[in-house]
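# Overview (structure and organization)
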Amino acid sequence: SAVISQKPSRDICQRGTSLTIQCQVDSQVTMMFWYRQQPGQSLTLIATANQGSEATYESGFVIDKFPISRPNLTFSTLTVSNMSPEDSSIYLCSVVGQDGGYGYTFGSGTRLTVV
Amino acid sequence: AQKVTQAQTEISVVEKEDVTLDCVYETRDTTYYLFWYKQPPSGELVFLIRRNSFDEQNEISGRYSWNFQKSTSSFNFTITASQVVDSAVYFCALRVTGSARQLTFGSGTQLTVLP
């Protein structure tokens, strides 16, 4: 299965600032997803990162707040913009391999605390 | 729409006891995939198993076993002879076929194994 390097692993940020999270995969993958996990909660899909086109956002998430880039088949970034304490969460990227999804792989996550 | 329910929010057992984590899912699709993930305190998601809707055979992997019953839309997970290292949050997830390959997660079950 693919190996994902997600950076940073954690950060403490001031409200009103932005943070960009990187997700690097060791092989080409068809689909990449960004999830948010608020404290004590389950995972919620933010968006699907599409290579060569705009990301597809889920209800409740907008591009201005969570801009996503996917310049190639091995890399994606998620930016959390104009942060507030409510954005404090774990953010995880996930990939699906070329075979259509045998065992989704997740990055190790980014623990974000906004103060 | 898809839904995954993990009714057990928290379970606490003593080491060496067996424990079953429940998962009930809802979908109108006839072809779908079910997953279990483990999230230890470090935060990463560890893939445990994938099962497709056409394979109702139970599976055993070491101390782990899974019982898939389409008649009751359940995909339960049993840990035999639990160990302290099994303490984690366990998530059940569902994916239907088609272009949208994201996972729908249950709310998770916090398992604590006491020494």
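Treat the numbers as computed from the prediction; the structure is a model and nothing was measured. (Residues numbered from 1 in each chain as written. Chains lettered and ligands numbered in written order. Predicted model: local features only at pLDDT ≥ 70, side-chain atom pairs only at ≥ 80, totals over all residues. Heavy atoms only, no water.)

### With respect to the nonpolar core
The line we're drawing: Buried Ala, Val, Leu, Ile, Met, Phe, Trp, Tyr and Cys residues that are joined via side-chain atoms within 4.5 Å together make up what is termed a nonpolar core. Only protein chains enter the area calculation, which uses a 1.4 Å probe; residues under 20% of their type maximum are buried, those over 50% are exposed, and those in between are partly exposed. Numbering of helices and strands starts at the N terminus; helices are DSSP runs of H or I of at least 4 residues and strands are runs of E of at least 2. Note on contacts: a residue pair is in contact if any heavy atoms of the two residues lie within 4.5 Å.
Counting 26 residues, the largest nonpolar core has A:W34, A:I46, A:F66, A:I68, A:L78, A:Y91 and A:L112 as its most contacted members. Elements represented by at least two residues in this core include exactly β3 (19–25), β4 (31–37), β5 (43–49), β8 (75–80), β9 (89–96) and β11 (110–114) of chain A. Among the elements that line this core, the one with the most residues is β3(A), at 4 residues. Ignoring any residue separated from it by four or fewer positions in sequence, one finds A:I46 in contact with A:W34, A:Y35, A:R36, A:T56, A:Y57, A:E58, A:F61, A:F66, A:L78 and A:Y91. Membership of the second largest hydrophobic core comes to 25 residues, among which are B:Y25, B:W36, B:F68 and B:L94.

### Things to note about the confidence of the model for chain A
Just so we agree on the cut-off: pLDDT expresses, on a scale from 0 to 100, how confident the predictor is about each individual residue.
Averaged over every residue, the pLDDT of chain A is 91; the share at 70 or more is 94%. Mean pLDDT across the secondary structure elements of chain A bottoms out at strand β10 (residues 105–106) of chain A, with 88, and peaks at β3(A), with 97.

### So, the interface of chain B and chain A
We apply this condition: Using a 1.4 Å probe, buried area is obtained as the accessible area two parts lose upon being combined, added over both of them. Every case where a carboxyl oxygen of Asp or Glu lies within 4 Å of a side-chain nitrogen of Lys or Arg is listed as a salt bridge. Think of a polar contact as two N or O atoms within 3.5 Å of one another; within protein, one of them needs to be a possible hydrogen donor and the other a possible acceptor, and neighboring residues in sequence only count if both atoms come from side chains. Under this grouping Gly is polar, as are all residues other than the nonpolar Ala, Val, Leu, Ile, Met, Phe, Trp, Tyr, Cys and Pro and the charged Asp, Glu, Lys and Arg.
Between chain B and chain A, the contact holds 19 residues from the first and 20 residues from the second. Both faces considered, chain B and chain A share a buried interface measuring about 1600 Å² in area, 54% of it formed by carbon and sulfur atoms. On inspection of chain B and its partner chain A, the count reaches 0 salt bridges. There are 6 residue pairs in polar contact (both at pLDDT 80 or more) connecting chain B and chain A. Listed by contribution, the elements that provide at least two residues to the side of chain B that touches chain A are β5 (32–39), β6 (46–52) and β10 (88–96) of chain B. Element by element, the count of residues in the side of chain B that touches chain A is highest for β5(B), at 3 residues. Here the residues of the side of chain B that touches chain A are counted per class, giving 8 nonpolar, 7 polar and 4 charged.

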